[in-house]
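Chain by chain, the residues run as shown.
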Amino acid sequence: MTDRNEPQRILLVTGMSGAGKSTALHTFEDMGWETVDNLPLSLFDQLLESPRSLDRQAANRSIAIGIDSRTRGFDAGAIVERIKTLESDHDFRIETLFLDCNAAELERRFSETRRRHPQAQDRPAAQGILIERDMMMPLRRWAEHVIDTSDSSANDLRVELRNRFSRQAGQEMTVTIASFGFARGILRNADMVFDMRFLRNPHWDETLRPMTGKDEAVGDYIAEDPAYEDAVGRMEELLVTLLPRYRAEGKAYVTIAFGCTGGRHRSVHVAERVAQRLRDSGFSPTVAHRDLAHPSLDTIERTAGDGNGNAGG
């Protein structure tokens, strides 16, 4: 529960239709937030300007307000300008969560549920998705929090929201260091992505192949690359410089991702090293290795060559 003297936290929950807004609002309600969905914009100011002193319990609760392209009077640009005014004139802390999803997955979801897209009542869903994306773009650019649900289940989204928003007021910025394999798709929702495929690849050493980037022998092998120390050191210096600035700007959640071909060796090793450097610099990062459990396969690694400059077959 927030202190009554602190700004009331208000979160606008918006995004593409079918990307998970209903799931998000239900999750916030389960977390104890007050939730309002599809509030007409004409009533937006009335809700936010209600005196906090009328109900102390309600005044201390965070509010999640669902807004999408179906909302009466929807104008994304006007909403952004209104947010700026409210923040400057009132004791609010307004943030925006934008739920995104790629067009192919949105089409699949609407097809499976047999629902009509709100912007495609008399046209194919694909056209409605394009129209809506254009309508929503000002809010996506403005949003402090963007979550892409293309590869996420409803439960994945609930976990992500709890990780981001169940923090108590005044807690440190949440930093996540993640590794992944490009062969299995880029890590969505990352704020920064570093490509480690320029480093020598342990996969092509038969002794190291079954190991992972957490093993010392793998780390030693990668560190022998002439570019390793200078490149990774520069990345660490960049992050140590940027993260305090993100924190000063009030960013609550930052994900830094390191990728290699399969997501088992180079990216894992560098993620572990960078996480330790950030701990030494006063941060408390969480480390997540998306593809560590996947088997190491030649068919995946071959796309990056044999680690000695030779192209794979």
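## Some points on the nonpolar core
Judged by nonpolar contacts, the single largest core of 35 residues is most densely connected at Val13, Phe28, Leu97, Leu99, Leu139, Leu161 and Phe165. Those elements giving two or more residues to this core turn out to be strand S1 (8-15), helix H1 (21-30), strand S3 (63-66), helix H4 (76-89), strand S4 (92-100), helix H6 (125-142) and helix H7 (154-165). Take this core: its biggest share by element is five residues, from H4. Not counting chain neighbours up to four residues away, the residues in contact with leucine 99 comprise Val13, Thr14, Gly15, Met16, Ala19, Gly20, Lys21, Ala24, Ile147, Thr149 and Leu157. Of all hydrophobic cores here, the second largest spans 26 residues; its members include Leu199, Leu208, Tyr228 and Leu239.

## Topic: the confidence of the model for the chain
Should the pLDDT be low somewhere, the predicted coordinates at that spot are not to be read in detail. Residues at a pLDDT of 70 or more form 82% of the chain, whose mean pLDDT is 82. Every residue in residues 51-56 scores below 50 in pLDDT, and together they form nine contacts with partners more than four places removed in sequence or on other chains. Note on residues 304-313: pLDDT is under 50 here. Beyond four places in sequence and across chains, it has 11 contacts.

## Focus on the sheet that holds strand S9 (residues 286-289)
Paired through backbone hydrogen bonds, the strands of a sheet run either parallel or antiparallel to each other. As summarised here, the arrangement of the four strands in space is S7-S8-S6-S9, forming an open sheet in which the pairing is parallel. The outermost strands of the open sheet, each flanked by one partner alone, are strand S7 (192-195) and S9. Adjacent strand axes in the sheet meet at a mean angle of 20 degrees, parallel and antiparallel pairs treated alike. Summarising the sheet, S7 and strand S8 (residues 253-260) pair through four bridges and their orientation is parallel. Residue pairing in the sheet places aspartate 195 in a bridge with glycine 259 of S8.

## Remarks on the pattern of salt bridges
A complete count under the given rule lists 19 salt bridges for this structure. Across the pair glutamate 112 and arginine 108 runs a salt bridge whose closest N-O atoms are separated by 2.6 Å. Within this pair, glutamate 112 and its partner arginine 108 are both found in helix H5 (residues 103-113), separated by four residues, close to a single helical turn. Using a relative accessible area of 38% as the deciding quantity, one classes arginine 108 as partly exposed. For arginine 197, the salt bridge identified is with aspartate 195, shortest N-O distance 2.8 Å. Among the charged side chains, a network of salt bridges with common partners joins Glu229, Glu236, Glu237, Arg273 and Arg277.

The rules behind these values
- Residues numbered from 1 in each chain as written.
- Predicted model: local features only at pLDDT ≥ 70, side-chain atom pairs only at ≥ 80, totals over all residues.
- Heavy atoms only, no water.
- Core = buried A, V, L, I, M, F, W, Y, C linked by side-chain atoms within 4.5 Å.
- Buried < 20%, exposed > 50% of the residue type's maximum accessible area, 1.4 Å probe, protein only.
- Helix = DSSP H or I, 4+ residues; strand = E, 2+ residues; numbered from the N terminus.
- Contact = heavy atoms within 4.5 Å.
- pLDDT = per-residue confidence, 0-100.
- Pairing = 2+ DSSP bridges.
- Axes fitted to C-alpha atoms, helices over the stretch in contact; angles between N-to-C directions.
- Salt bridge = Lys/Arg side-chain N within 4 Å of Asp/Glu carboxyl O.

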